[in-house]
Amino acid sequence: MKVKNIVLLGCGGFIGSHLLDRLLADGGYNVVGWDFSADKIAGHLDNPKFRFYQSDAFSEGTAADLDNAVKHSDVVISLAAICNPSRYNTEAIATINSNFTEVQKLAEVCAKYKTWMIHASTCEVYGRTMASYLPDNSYDNPALYEQIEDETPLIMGPIQNQRWSYACAKQLSERLLHAYHVEQHMPITMFRPYNFFGPRMDFIPGRTGDGVPRVLACFVTALLDGTPMKLVDGGHARRALLYIDDAVDALERMLQMPQAAQNQTFNLGARQNEISIRDLAVMMRNAYADVSGNPAYRSHPIIEVSGLDFYGKGYEDCDRRVPNVAKARRLLGWEAKYGLEETINYTVRYFYDEFGRESAAAE
Ligand code: UGA
């Protein structure tokens with residue numbers, strides 16, 4: 001099978017907009033997309049190879065169009081979801097509906113036509129590492145923290161810790177899609193993003209959205225506004241960052257190699273880009289100093305706050321996410337090309353060009 005016609009849910013989001021750039025630049029794909037927002041894809045709205053619906057894909061007005069688009073597509077890529085930890089414990093119902101109920105509706109349509117569904121899950125399905133439950137854990141045994149798609153157990157905290165509403169909904173979606181594959185032979189691919197980083201990620205509060213965004217945008221906002229960068233619970237948690245271009249490369253390879261990609265779950269991450277959140281704050285303020293030409297940013301204030309104060313009741317953190325990507329390397333020939341410094345520098349440069357230059361000029 002050669003993929004030509006694509007349905008893309010969440011085409012206006014961070015991952016979706018970058019994937020759309022790539023698909024339309026290729027010229028060989030026809031894309032039908034849904035999203036609530038067109039802000040990140042405004043440059044594509046007149047492209048004859050792109051048909052855009054600015055709405056909920058399952059609203060009465062467009063549900064029939066979605067059905068028809070799925071029927072005539074080679075693949076449906078499902079990226080639309082609430083994916084912001086500040087909402088998991090405060091809006092758990094919406095989080096679960098967005099990350100499970102909506103996926104279930106889409107899976108039903110795909111199953112009806114046996115259309116291949118590529119679904120964005122999350123590395124958060126692994127929950128916390130086994131190592132984190134050991135007294136005096138020092139992460140000396142990789143078997144207790146490295147994450148392997150079809151082997152590692154998925155460990156989440158108690159129900160009262162509503163942080164896990166997202167991971168649990170994602171896990172159930174994975175189990176549902178797997179069941180559709182096993183029982184109804186629907187082709188599926190699931191991928192688990194590891195902290196994709198890059199231009200256009202998220203929103204900047206007060207400028208392009210409201211609320212508490214992900215850590216990248218929180219730190220950028222602090223630098224823009226001259227407020228302290230906040231380390232939740234000391235900033236000891238670690239994340240492995242993956243530059244968005246690397247992530248899109250992996251998705252493109254799936255589309256080019258359906259046989260290799262189908263009926264698999266892939267970790268998409270870069271373990272060599274692992275960093276503590278504390279070190280991330282330091283690297284980001286240094287990158288901001290470089291790009292703005294203002295060395296004062298090297299000592300931009302960093303303070304500590306508790307998870308309870310920052311996110312509210314029910315927050316719990318993933319301690320570490322170390323991806324094993326042997327499967328993506330073996331089946332897709334993929335691995336990350338961008339290192340940590342490039343990932344952070346390119347991203348900070350984008351946000352400075354987009355918002356920082358203007359703030360600096362206003363001062
Ligand atoms: C995220 C989301 O749950 C998912 O959307 C996504 O699937 C997944 O990661 C992913 O992209 O891999 P998380 O990494 O915890 O989870 O969210 P971030 O907002 O990126 O926070 C990373 C870390 O920074 C956490 O330890 C958080 O407590 C901390 N943080 C966040 C701060 O120290 N300061 C802040 O201002 C914001």
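Just above, that's the structure.
Attention in this report is confined to the structure presented alongside it. As the structure is a computational prediction, the values presented were derived from the model and not from experiment.

## Some thoughts on helix α7 (residues 244–256)
Compared with an ideal rise of 1.5 Å per residue, which puts 13 residues at 18 Å, α7 spans 18 Å between its outermost C-alpha atoms and is within 8% of the ideal. Burial analysis of α7 places ten of its 13 residues in the buried class, the great majority of the element. Residues Ile-244, Asp-246, Ala-247, Val-248, Asp-249, Ala-250, Leu-251, Glu-252, Met-254 and Leu-255 constitute the buried set of α7.

## Quick look at the packing of helix α2 (residues 63–71) against helix α4 (residues 92–113)
A packed helix pair is summarised by two numbers, namely the angle formed by the two axes and the spacing between the axes. At a minimum axis separation of 9 Å, α2 and α4 run at an interaxial angle of 45 degrees. In terms of orientation, α2 lies oblique with respect to α4. Crossing hand, α2 versus α4: right-handed. Contacts from Leu-66, Asp-67, Val-70 and Lys-71 in α2 reach Leu-106, Val-109, Cys-110, Lys-112 and Tyr-113 in α4. Taken together, the residues of the contact of α2 with α4 sort by class into six nonpolar, no polar and three charged.

## Topic: empty space enclosed by the protein
Under the counting rule described, the total for this entry stands at one cavity of 30 Å³ or more. As a volume, the largest cavity reaches approximately 60 Å³. Considering the residues around the largest cavity, the lining is formed by Tyr-126, Arg-128, Thr-129, Met-130, Ala-143, Leu-144, Tyr-145, Glu-146, Gln-147, Thr-152, Pro-153 and Ile-155. The residue inventory of the lining of the largest cavity, partitioned by class, reads seven nonpolar, three polar and two charged.

## With respect to the site of the ligand
Not every one of the 26 residues close to the ligand is listed here, only the nearest: Thr-122, Glu-124, Asn-195, Lys-230 and Asp-317. Between the ligand and the protein, one listed contact pairs an oxygen atom with a backbone N or O atom of Val-232 at 2.9 Å. In the model, an oxygen atom of the ligand is placed 2.8 Å from a nitrogen or oxygen of the Tyr-315 side chain. For the shell around the ligand, the secondary structure elements donating two or more residues are α3 (85–88), α6 (215–225), β9 (229–232) and α10 (307–311). Of the residues contributing to the shell around the ligand, the split by class is 17 nonpolar, two polar and seven charged.

Conventions and cut-offs
Residues numbered from 1 in each chain as written. Predicted model: local features only at pLDDT ≥ 70, side-chain atom pairs only at ≥ 80, totals over all residues. Heavy atoms only, no water. Helix = DSSP H or I, 4+ residues; strand = E, 2+ residues; numbered from the N terminus. Expected span 1.5 Å × (residues − 1). Buried < 20%, exposed > 50% of the residue type's maximum accessible area, 1.4 Å probe, protein only. Axes fitted to C-alpha atoms, helices over the stretch in contact; angles between N-to-C directions. Parallel < 35°, antiparallel > 145°, perpendicular 65-115°, else oblique. Left-handed = near helix turned anticlockwise from the far one by under 90°. Contact = heavy atoms within 4.5 Å. Nonpolar A, V, L, I, M, F, W, Y, C, P; charged D, E, K, R; others polar. 1 Å grid on protein atoms, 1.4 Å probe; cavity = no way out; pocket = protein on both sides within 12 Å on 5 of 7 lines; lining within 4 Å. Points joined across faces, edges and corners; volume = space filled by probe spheres on them. Near = heavy atom within 4 Å. Polar contact = N/O pair within 3.5 Å; in protein donor to acceptor, adjacent residues only side chain to side chain.

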